[in-house]
Amino acid sequence: MEKDFDAIVVGGGLAGLAAAYTIADAGLEVLLLERGDYSGAKNVTGGRLYLNPVREMFPDLWEKAPLERFIAHEELSIMDKERSITVRYDGAELVQAPYQSYSILRGKFDRWFAKQAEKKGVAIVNKNRVDDLIIENGKVEGVRAGGEDLTAHVVVACDGVLSLLAEKAGLRKPGVPQDHAVGFKEIIELDRTTIEDRFNLEGDEGAARLFMGEVTRGKFGGGFLYTNKESVSLGIVVGIKDLMEEPMVQAPDLLDAFKLRPEIARLIKGGETSEYSAHVIPEGGYNSLSKLYGSGILLAGDAAGFSMNIGVTVRGMEYALASGYYAAQAVIKAKEADNFESETLAVYEKLLNESFVMTDFKNFKDAPRVMENPRFFQHYPQLAGNVMKDLYEVPAGSKARIYPTVKKYLTFGEMWAMFKDFRGVKKI
Amino acid sequence: MSELMGLKAKLGLDVFKHDKEAHIKIKPGMEKDPRLKRAVWVCPAGLYSENDQGEVELTIDGCLECGTCRIACGIEVLEWNYPNGGCGVQFRFG
Amino acid sequence: MNIVVAMKQIPDLQQVRIRNRQPVFEDVPYTLGNIDKNALEAGVALKEALDAKLIVVSAGNEELEDTIKEALAAGADEAYLVIDDSLDNIASDTSATLIAAAIKKIDDVGIILFGEGSGDNYSGQVASRVAEILELPEVGYAKEIELNGQSLRVTRSLEESEELVEVELPTVITVVSEINEARIPAVTQILKAGKKPKEVVSPHELEIAIGSVQVTTLSNLAPETDRKQIVVKSVDELVKALTTEGLIGR
Ligand SMILES: Cc1cc2nc3c(=O)[nH]c(=O)nc-3n(C[C@H](O)[C@H](O)[C@H](O)COP(=O)(O)OP(=O)(O)OC[C@H]3O[C@@H](n4cnc5c(N)ncnc54)[C@H](O)[C@@H]3O)c2cc1C
Ligand code: SF4
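All values derive from a computational prediction rather than experimental measurement.

A. Region of interest: the overall build of chain C. Within chain C, the regular secondary structure consists of seven helices and 13 strands. Projected onto its principal axes, the C-alpha coordinates of chain C cover approximately 70 × 45 × 40 Å. Relative to its full complement of 250 residues, chain C shows a buried share of 44%. Considering only contacts in chain C between residues 6 or more positions apart, those separated by 24 or more positions represent 68%. Total accessible area on chain C is roughly 14200 Å²; 47% of this is exposed by carbon and sulfur atoms. When the 24 basic and 43 acidic side-chain charges of chain C are each reduced to a single mean position, those positions are 5 Å apart.

B. How the structure looks around the site of ligand 1. Near ligand 1 lie 37 residues; those nearest to it are Glu 34, Gly 46, Arg 48, Arg 106 and Asp 302 of chain A. Residues close to ligand 1 are split across chains A and B. Contacts to ligand 1 include Leu 14 of chain A, whose backbone N or O atom sits 3.0 Å from an oxygen atom. Between Cys 158 of chain A and ligand 1, the recorded distance is 3.4 Å, taken from a backbone N or O atom to an oxygen atom. Listed by contribution, the elements that provide at least two residues to the shell around ligand 1 are helix 1 (14-25), strand 15 (272-282), strand 19 (313-315) and helix 8 (317-337) of chain A. The dominant element in the shell around ligand 1, judged by the number of residues it contributes, is helix 8 of chain A, at three residues. Residues lining the shell around ligand 1 come from more than one domain, with at least three contributed by each of domain 1 (5-68 + 104-172 + 290-354) and domain 2 (178-282) of chain A.

C. Highlighting the side chain of Ser 163 of chain A. Checked against the element boundaries, Ser 163 of chain A lands in the loop between strand 10 (148-157) and helix 3 (164-168). Contact partners of Ser 163 of chain A, with chain neighbours within four places excluded, come to Arg 172 and Ala 303 of chain A.

D. A look at the UniProt feature "domain: Electron transfer flavoprotein alpha/beta-subunit N-terminal" (unreviewed entry) in chain C. The UniProt entry lists residues 20-210 of chain C under the feature "domain: Electron transfer flavoprotein alpha/beta-subunit N-terminal" (unreviewed entry), expressed in the numbering used here. Each end of residues 20-210 of chain C is marked by a C-alpha atom, and these two atoms are 32 Å apart; helix forms 29% of the span and strand 32%.

E. Structural detail: the site of ligand 2. The immediate surroundings of ligand 2 are formed by 14 residues, with Cys 43, Cys 63, Leu 64, Cys 66 and Cys 69 of chain B found nearest. Of the residues contributing to the shell around ligand 2, the split by class is eleven nonpolar, two polar and one charged.

F. Highlighting the environment of Arg 153 of chain C. All names here are of chain C. By secondary structure assignment, the location of Arg 153 is in strand 10 (residues 151-157). For Arg 153, a relative accessible area of 30% puts it in the partly exposed group. Counting along the chain gives 140 residues from Arg 153 to Leu 13, while the straight-line C-alpha distance between them is 34 Å. When near neighbours in sequence (up to four residues on either side) are disregarded, Arg 153 contacts Glu 144, Ile 145, Glu 146, Asn 148, Leu 164, Val 165 and Glu 166.

G. Spotlight on the interface of chain C and chain A. Across the boundary between the two partners, chain C contributes 15 residues, which contact 19 residues of chain A. For the pair chain C and chain A, the two sides together bury roughly 1300 Å², of which 45% comes from carbon and sulfur. It is Arg 19, Val 187 and Leu 191 of chain C that lose the most area in chain C upon contact with chain A, and together they represent 41% of the buried surface on that side. One can count five salt bridges joining chain C with chain A. The tally of links from chain C across to chain A stands at five residue pairs in polar contact (both at pLDDT 80 or more).

H. Spotlight on unusual backbone geometry. Residues and elements named next belong to chain A. Cis geometry marks the peptide bond from Ala 97 to Pro 98, where omega comes out at -10°. Mapped onto the elements of the fold, Pro 98 is located in the loop between strand 5 (84-89) and strand 6 (101-103). Its identity as a non-glycine residue notwithstanding, Lys 127 has a phi of 55°, on the positive side. The residue Lys 127 is located in the loop between strand 7 (123-125) and strand 8 (130-136) in this model. Even without a glycine there, the phi angle at Arg 217 is positive, about 50°. For Arg 217, the position within the fold is in the loop between strand 12 (205-213) and strand 13 (221-227). According to the relative accessible area criterion, Arg 217 is partly exposed, its value standing at 30%.

I. Layout of the domain arrangement of chain A. All names here are of chain A. The assigned domain composition of chain A is domain 1 (5-68 + 104-172 + 290-354), domain 2 (178-282) and domain 3 (374-425). On a C-alpha basis, the centres of domain 2 and domain 3 stand 27 Å from each other. With seven residues of domain 2 at the interface, the matching set in domain 3 holds five residues. Across the contact surface, domain 2 and domain 3 share zero salt bridges. In the side of domain 2 that touches domain 3, the residues fall into two nonpolar, three polar and two charged.

Procedures and definitions
- Residues numbered from 1 in each chain as written.
- Chains lettered and ligands numbered in written order.
- Predicted model: local features only at pLDDT ≥ 70, side-chain atom pairs only at ≥ 80, totals over all residues.
- Heavy atoms only, no water.
- Helix = DSSP H or I, 4+ residues; strand = E, 2+ residues; numbered from the N terminus.
- Buried < 20%, exposed > 50% of the residue type's maximum accessible area, 1.4 Å probe, protein only.
- Contact = heavy atoms within 4.5 Å.
- Areas by Shrake-Rupley, 256 points an atom, 1.4 Å probe, with all protein chains shown as cover.
- Lys, Arg positive; Asp, Glu negative; His and termini not counted.
- Charge placed at Lys NZ, Arg CZ, Asp CG, Glu CD.
- Near = heavy atom within 4 Å.
- Polar contact = N/O pair within 3.5 Å; in protein donor to acceptor, adjacent residues only side chain to side chain.
- Domains from an automatic or database assignment.
- UniProt positions renumbered as here; feature names shortened; annotations may be inferred.
- Nonpolar A, V, L, I, M, F, W, Y, C, P; charged D, E, K, R; others polar.
- Buried area = accessible area lost by both parts, 1.4 Å probe.
- Salt bridge = Lys/Arg side-chain N within 4 Å of Asp/Glu carboxyl O.

Set out below in structure tokens:
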């Protein structure tokens, strides 16, 4: 049957753009539909893209890409109510080109990426929401948007974490709280020089800071701060299931409290908030991935569940780019074979299995459950804070000797519990 | 740091394009459903509130389209869709 | 017959934010003015009735070729564009000179449509200036346009009244937003828009030198007004005070 397009890609996020870009590059006819005013208009990320795993997939892309700063300094803070401990990491490899990771703003990056995809020949139509799939005899034949039917040999659904399309195709069920977190953040504008001074940065160097413990009131998740060129991205990621449980706290209040912490307040002093955004993140890991393909349809990016949250860091962008790329390879192979049934499209899963994507997901298969252990987010931050407090404190009387101080906190029972917790961690 | 801004003021910084209909609706008869009460806590834009009669109400203006309420409350109590194309929040930075 | 709709490319005003008391235009996408879209919609209706061709005319910077697709998707058959990067922020007289020169290049123009004012600075001068240059009649503020043989019956929306006028072609008409509801083009229309004919010329090719007159904004702050500081103690007093100020009960 004649089709309007070889492929229709739904969603102009990283997965969708990567897929459309690669499909068009092979000379196929591809339409990308995005519901926002432009690509990126609906997309939120924390802010760090690791380039190494995806660099070679899009060799022409990176040189001129509007990336913000390359991450040259890493810090992790464990926060208790009134104290925190910070570990800072500087490594030679972080400041050597090609740099490993960059902070990015999706409003800028995705819009630029869309322009590059158009240059490759992708037909992009923004401001159009796909309302439904056209399914005939169990095969996806196209999409319905704005009351029109648009047909294609294959639909690549890259419509993000909720993927209403994957639900319609019967490839997944509506998401559940334990498999999802919500992230919300502010963009706080500061002068370039202020950022560089406060974070000890030179030129395009950037800083990544992660926070765990009291930031989420001990709930699964953490806080993050990334420096951009002329702003910082400051936000919180917290498991939705935890947010529904005691101690009850209204999500937006967490961010306000975070901003008031002295550790943060001095970093953003004088800054002007210019945007507030929020987005759900899939974090169920390997066991919660959707079925990745069906007859005439492929899922990529968050739509398939390719995002991972191991407590403090979220990674989804590389997986979105890579899964979009492999989905495109599957489309190209299907076109060569002139067969878009699921047997042919199954090559997508094979390609993913051979790539870093599935290797990571399998390696971190147990991560969600291990890290669910609330002790990591409540107990250890408190414990560490107390040990440090006692170690550094010089009271009016005599200072206690160091060994008994530590021993006071690390009782046998405590050590046994710790052993069990960390044995869990070893699995990841 | 500048003193904290209220949530409404924060949402006022974002670009919202008007849609002709509400894209999320509480299903009729579900206003008092305990599942819906979760939305009051989890919505990052604070758009859900509980009135004196114990019914949950939703003001859709300012919706960030994050999807948290859909995940937390489920589609038995919420009729949930994205806004029409070109409508709703448009992030400049993301 | 050809029908011309003149449309202006403007920044998406909702996307403009204020930083350090100055508007920030960086990264703001372009769009077409809302009332211009009503003019286009009116053009589509007339085109169908008259079996005419609808040509959109516009002057602007390089982004225009992309922006104008919206008009081609919403019903224009062709575009005639004057493009130059110096065409940002030009004064109304320069716009009018360019638009008029462009229209002169198009044969058999029967109707020239404008929105009553542009979506950004709303000067509302360009249509009248073009009519003057082309020596054509102008009917402003149309809320209804009806075909009557070879002439048009136009209902003008004036502040507190309406006026019905009849005008011979060719003519310039400006429309108000109530005239219609502009359509949102469907995906296939948008896809076809990219393939519709577009003629792009430079001001130089039209033999027009762009004067150095650009609009410079001296201040964009709201005028300061002193509060009257009237203290009222009851609703009655409030009503009285407001009546005295002429704010209610006119
Ligand atoms: C707060 C936060 C912090 C994060 N931090 C990081 C980080 O530091 N590093 C990292 O790698 N990842 C991070 N992530 C995860 C990462 O942002 C996501 O995994 C990634 O954005 C997924 O990309 P995607 O293309 O799959 O989906 P999205 O970016 O969500 O794109 C989906 C697109 O589909 C469009 N769409 C949806 N439905 C329709 C429809 N019906 N019709 C048309 N268009 C539609 C949407 O408008 C959107 O453009 C973070 C996420 C959040 C929320
Ligand atoms: S989608 Fe997000 S912002 Fe919108 S109502 Fe639901 S929880 Fe609130």
